[in-house]
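Summary of structural features
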Amino acid sequence: MYIHIGEDIIINSEDILYICDIDRNTISKRSKKFLLDNEDEGKIFYVSFEELPRTMIVTCDSEGDEMIYVSPLSLQLLLKRINENSIIGDSKCTYLKLF
């Protein structure tokens, strides 16, 4: 399934490895280093420059390419969209790693 993460950006929800609230997870030195390293490698995509960033989404596609999307949408809204679109059998599935 695909999920809209803001502006005109849609990603494959199966590629999501990690999703987090930026305010709560960019405080640690490890998180800052992770973001700086990936920014230097050009792996960060800012969904919007007009709105405040609220959520960081780390993806890995079928070729093994990682990408970090910084979205203005809230973590709660993105999780709701993912869970509404992620159906296995008859039950909804929450499969994201939240930290």
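Definitions and cut-offs
- Residues numbered from 1 in each chain as written.
- Predicted model: local features only at pLDDT ≥ 70, side-chain atom pairs only at ≥ 80, totals over all residues.
- Heavy atoms only, no water.
- Pairing = 2+ DSSP bridges.
- Helix = DSSP H or I, 4+ residues; strand = E, 2+ residues; numbered from the N terminus.
- Axes fitted to C-alpha atoms, helices over the stretch in contact; angles between N-to-C directions.
- Contact = heavy atoms within 4.5 Å.
- pLDDT = per-residue confidence, 0-100.
- Buried < 20%, exposed > 50% of the residue type's maximum accessible area, 1.4 Å probe, protein only.
- Polar contact = N/O pair within 3.5 Å; in protein donor to acceptor, adjacent residues only side chain to side chain.
- Salt bridge = Lys/Arg side-chain N within 4 Å of Asp/Glu carboxyl O.

Our focus in this paragraph is the sheet that holds strand β3 (residues 16–21). Strands pair in a sheet through their backbones, by hydrogen bonds, and they do so in one of two ways: parallel or antiparallel. The strand order across the open sheet formed by four strands is β3-β5-β6-β4, and the pairing between neighbours is mixed. Where the open sheet ends on each side, the last strands, each with one partner, are β3 and β4 (44–46). On average, adjacent strands in this sheet sit at an angle of 20 degrees to one another, irrespective of strand direction. Where β3 and strand β5 (residues 55–60) come together, five bridges link them in antiparallel fashion. Note that in β5 the partner of Asp21 across the bridge is Thr55. Against the sheet, helix α2 (residues 29–40) engages β4, β5 and β6 (66–71), with an angle of about 90 degrees to β4. Strands β3, β5 and β6 of the sheet are contacted by helix α3 (residues 75–85), whose axis makes an angle of about 145 degrees with β3.

Glancing now at the confidence of the model for the protein. Taken residue by residue, the protein gives an average pLDDT of 83. The fraction at 70 or more is 84%. Residue range residues 87–99 is modelled with pLDDT below 50. Its contacts to residues more than four positions away, or to other chains, number 25 contacts.

Counting through the fold element by element, Ser62 comes out in the loop between β5 and β6. Accessibility expressed as a relative area gives 69% for Ser62, which makes it exposed. Considering only alpha carbons, one finds Ser62 and Glu14, 48 residues apart in sequence, at a separation of 9.6 Å. A distance of 3.1 Å separates a polar atom in the side chain of Ser62 from a polar atom in the side chain of Glu63.

Counted under the stated rule, the structure contains two salt bridges. A salt bridge links Asp37 to Lys33; the shortest N-O distance between them is 2.8 Å. In this pair, Asp37 and Lys33 both sit in helix α2, four residues apart, roughly one turn of the helix. Residues Lys43 and Glu41 are paired through a salt bridge, measuring 3.4 Å at the closest nitrogen-oxygen approach. Overall, the relative accessible area of 54% leaves Glu41 in the exposed class.

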